[in-house]
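Spelled out, the chains give:
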Amino acid sequence: MTMAVTTTSHDRDLADMRRGACPALSAPMMSGDGLLARVALTAAISPGQLIGLSRLARRHGNGMLDISARGNLQVRGLSTTAAPLLDADVRALDLPLREGLAVEVPPLAGMDEMEIADPRPLAEAIREGARGITGLAPKMSVVADGHGQLRLSELLADIRLVALRVEGEVRWKVLLGGTEESGRVFNVLRETQAVEATIGLLHRLSELGPRARGHDLAGSLAESAELDMDRPGGGMPASSHPRVKGPFGTFVLAGNLCATGIGPAFGQIVAEKLVALCSEATRLGIRSLKPAFDHSLIFFGEQESCKALTAFAAENGFITSAADSRGQIATCPGSPACASATIATHEIAARAAAECGDLLDGSFKLHVSGCPKGCAHPQASALVLCGTAAGLSVIHLGKASDLPFATAAFADTNAALRRLADLVRSERRAGENSAACLARLGSGHLAATVMSGRP
Ligand code: SF4
């Protein structure tokens with residue numbers, strides 16, 4: 001029998017989720033292990049600067065740092081007296097700190113010979129144009145994607161601009177809400193018009209108030225646009241080269257430069273380990289780095305330096321390859337780091353990576369969430385394990401806040417996942433990936449499997 005999720009707990013969790021709190025550097029938010037401050041950057045920094053920040057995380061916080069799913073650095077475990085000291089000391093590091101609206105570009109932007117256009121000038125123009133627009137949602141975000149090797153297609157964005165080549169000229173497809181796949185096409189424009197349109201959309205959102213998000217505009221504006229909105233992608237041409245899904249691995253860039261994507265398991269790292277990685281990067285002559293999506297750090301340097309740093313990172317337990325099943329799991333800090341969490345997400349995720357590697361074949365992200373807020377992966381996933389007051393929710397094709405197809409006791413979490421992995425292994429058809437197999441089997445079959453281990 002499926003354990004019921006009480007309306008009260010679900011409603012409370014949803015209310016928490018709607019808060020949309022965002023821990024900025026000067027306004028840290030409370031978490032399970034103290035205050036949490038976010039350090040959002042607009043450009044690359046040196047390994048030495050990250051060493052400096054790591055030391056501040058040890059001096060003022062509890063020595064733990066997160067790299068968030070969107071590529072922001074977070075310092076954990078601050079007291080109310082330490083938080084302003086961290087703020088002042090971080091500002092003294094002279095980092096390219098983001099102030100105001102988040103306008104994100106892919107980590108290889110401007111160095112990637114495969115991108116259709118460098119999105120940075122457009123992003124800067126939007127950032128400038130948005131200064132003075134008040135009343136936007138705290139988590140409002142604009143993504144400008146030049147369509148290169150690493151893309152931000154899976155990140156949610158209120159407004160997204162994606163470069164296209166149309167009859168030899170660059171155009172920008174403007175989408176509202178969602179991911180690149182699920183967002184609604186608003187228009188396809190030249191760069192200057194795209195900037196003006198984005199500023200206009202931000203003004204409209206400001207008028208609607210701080211709860212308004214990009215998807216709220218999609219219906220009304222799409223109806224008035226001239227494009228054929230019913231066709232996926234607005235009938236515009238698709239990419240001419242395959243998309244690299246994740247940031248882990250090496251990437252060849254312009255000017256004999258290379259990039260290598262390295263990440264701590266599950267996005268969290270102790271300061272000393274980050275200092276060791278950055279010290280090795282400095283020794284190898286790595287020029288710069290950027291925190292990036294999927295909890296990664298992208299290091300830039302000569303090919304040999306990148307290769308040597310990747311080997312060092314792999315030996316020291318970092319994720320360095322897309323084949324690492326830990327990189328196929330999106331998980332928040334969970335218990336005990338976050339006060340809202342009911343499960344130890346990192347423990348569950350580590351066992352899942354070790355025991356269910358063939359299920360995690362890169363076709364979907366397993367989302368392990370400490371509560372229905374779903375910080376690590378706000379978008380839908382093929383499989384979600386979510387801690388709630390009523391037990392462990394198991395969700396198929398949904399978000400952490402969606403209703404589960406089954407629930408399990410906390411103690412049965414990894415065993416339930418192993419049963420699902422066994423099911424996929426035995427039922428998988430030739431050429432079928434895990435996500436497709438889960439979808440074909442359907443929630444009923446999956447629920448019976450999860451519940452089959454119950455006494
Ligand atoms: S999703 Fe995770 S990090 Fe976010 S509030 Fe819930 S338990 Fe905390």
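Residues numbered from 1 in each chain as written. Predicted model: local features only at pLDDT ≥ 70, side-chain atom pairs only at ≥ 80, totals over all residues. Heavy atoms only, no water.

Draft legend 1. Up close: the overall build of the chain. Summing up its helical and strand segments, the chain has eleven helices and 19 strands in all. Counting every position in the chain, which comprises 455 residues, the buried fraction comes to 55%. As displayed, the chain has an accessible area near 19100 Å², and 53% of this comes from carbon and sulfur atoms. (Helix = DSSP H or I, 4+ residues; strand = E, 2+ residues; numbered from the N terminus. Buried < 20%, exposed > 50% of the residue type's maximum accessible area, 1.4 Å probe, protein only. Areas by Shrake-Rupley, 256 points an atom, 1.4 Å probe, with all protein chains shown as cover.)

Draft legend 2. Expanded view of the confidence of the model for the chain. Summarising the model, the chain shows a mean pLDDT of 89, and 89% of its residues fall at 70 or more. Under a pLDDT of 50 for its full length, residues 1-20 has, in the predicted model, 31 contacts with residues more than four places off or in other chains. Predicted confidence for residues 237-243 stays below pLDDT 50, and this span has ten contacts to residues more than four positions away or in other chains. (pLDDT = per-residue confidence, 0-100. Contact = heavy atoms within 4.5 Å.)

Draft legend 3. Main features of the packing of helix α2 (residues 47-60) against helix α7 (residues 271-283). Where α2 meets α7, the axes come as close as 9 Å, and the angle between the chain directions of the two elements is 165°. In terms of orientation, α2 and α7 fall into the roughly antiparallel class. Handedness of the α2/α7 crossing: left-handed. Packed against α2, whose contacting residues are Pro47, Gly48, Leu50, Ile51, Ser54, Arg55 and Arg58, the element α7 presents Ala271, Glu272, Leu274, Val275, Cys278, Ser279, Ala281 and Thr282 at the interface. Its residues assigned to classes, the contact of α2 with α7 comprises eight nonpolar, four polar and three charged. (Axes fitted to C-alpha atoms, helices over the stretch in contact; angles between N-to-C directions. Parallel < 35°, antiparallel > 145°, perpendicular 65-115°, else oblique. Left-handed = near helix turned anticlockwise from the far one by under 90°. Nonpolar A, V, L, I, M, F, W, Y, C, P; charged D, E, K, R; others polar.)

Draft legend 4. Here's a closer look at the pattern of salt bridges. Taken as a whole and assessed by the stated rule, the structure comprises 26 salt bridges. Here aspartate 87 ties to arginine 91 by a salt bridge, and the two come within 2.6 Å at their closest N and O atoms. Of this pair, aspartate 87 and arginine 91 both sit in helix α3 (residues 82-92), four residues apart, which is roughly one turn of that helix. Two residues, arginine 127 and glutamate 124, come together in a salt bridge whose shortest N-O distance is 2.8 Å. Of the two residues, arginine 127 and glutamate 124 both sit in helix α4 (residues 120-130), three residues apart, roughly one turn of that helix. What makes arginine 127 buried here is its relative accessible area of 14%. Linked by salt bridges that have partners in common, Asp33, Asp66 and Arg76 make up one network. (Salt bridge = Lys/Arg side-chain N within 4 Å of Asp/Glu carboxyl O.)

Draft legend 5. Region of the structure containing the sheet that holds strand β7 (residues 159-166). Pairing is mixed in the open sheet, where five strands are placed in the order β5-β6-β7-β8-β9. For this open sheet the edge positions go to β5 (102-104) and β9 (184-189), each flanked by a neighbour on one side alone. Between one strand axis and the next, the sheet turns by 20° as a mean value, whatever way the strands run. Judged from the five bridges that link them, strand β8 (residues 169-176) and β9 form a sheet pairing that is antiparallel. Bridging from a neighbouring strand, leucine 175 pairs with valine 185 of β9. (Pairing = 2+ DSSP bridges.)

Draft legend 6. Seen up close, the environment of leucine 150. Relative to the helices and strands, leucine 150 resides in the loop between β6 (141-145) and β7. In this structure leucine 150 comes out as buried when scored by relative accessible area, which is 1%. Spatially, the C-alpha atoms of leucine 150 and phenylalanine 293 are 9.7 Å apart, while their sequence positions differ by 143 residues.

Draft legend 7. Main features of helix α11 (residues 434-451). Taking 1.5 Å as the rise per residue, α11 with 18 residues should run 26 Å; its terminal C-alpha atoms sit only 20 Å apart, a clear shortfall. Along α11, the helix axis deviates most sharply at glycine 442, where the bend reaches about 95°. Turning to α11, its buried residues number three or more, namely Ser434, Ala435, Cys437, Leu438, Leu441, Gly442, Leu446, Ala447, Thr449, Val450 and Met451. Among the structural elements, β17 (381-388), β18 (391-398), β19 (406-408) and α10 (413-427) are those in contact with the buried residues of α11. (Expected span 1.5 Å × (residues − 1). Bend = angle between axes of the 7 residues up to and from the residue.)

Draft legend 8. Inspection of the pairing of strand β11 (residues 258-262) at higher detail. Burial runs high along β11: five of the five residues are buried. In terms of strand pairing, strand β10 (residues 249-252) meets β11 through four bridges, oriented antiparallel. Residue glycine 249 lies in a different strand from β11, and its bridge partner there is glycine 261. Between β10 and β11, which pair antiparallel and follow one another directly, the connecting turn spans five residues, one of which, glycine 255, has a positive phi of 65°. Sheet topology note: the β11/strand β14 (residues 296-301) ladder contains five bridges and is antiparallel. Residue pairing for β14: glycine 261 is matched across the bridge by isoleucine 298.

Draft legend 9. Inspection of α2 at higher detail. Here α2 contains 14 residues, and its C-alpha end-to-end distance of 20 Å stays within 8% of the 20 Å for a straight helix at 1.5 Å per residue. Buried within α2 we find Pro47, Leu50, Ile51, Gly52, Leu53, Ser54, Leu56, Ala57 and His60.

Draft legend 10. Main features of the site of the ligand. By nearness alone, every residue bordering the ligand is listed as Cys332, Pro333, Cys338, Ser340, Ala341, Ser369, Gly370, Cys371, Lys373, Gly374 and Cys375. The residue inventory of the shell around the ligand, partitioned by class, reads six nonpolar, four polar and one charged. (Near = heavy atom within 4 Å.)

Draft legend 11. The arrangement of the environment of histidine 215 in detail. Secondary-structure assignment places histidine 215 in helix α6 (residues 214-224). By relative accessible area, histidine 215 is classed as exposed at 51%.

Draft legend 12. Local environment of the packing of aromatic side chains. With the rule as written, the count across this model stands at zero aromatic pairs. Across from the ring centre of phenylalanine 318, 5.0 Å away, lies the NZ or CZ of lysine 273, which sits over that ring. (Phe/Tyr/Trp six-rings, centres within 6.5 Å; stacked < 30°, edge-to-face > 60°. Lys NZ or Arg CZ within 6 Å of the ring centre and 35° of its normal.)

Draft legend 13. Looking closely at the sheet that holds β17. The five strands lie next to each other as β15-β16-β17-β18-β19, forming an open sheet whose pairing is mixed. Both outer strands of the open sheet, β15 (329-331) and β19, are each paired with one neighbouring strand and no more. With direction set aside, neighbouring strand axes in the sheet form an average angle of 20°. Bridge analysis of β17 against β18 gives seven bridges, and the strand direction is antiparallel.

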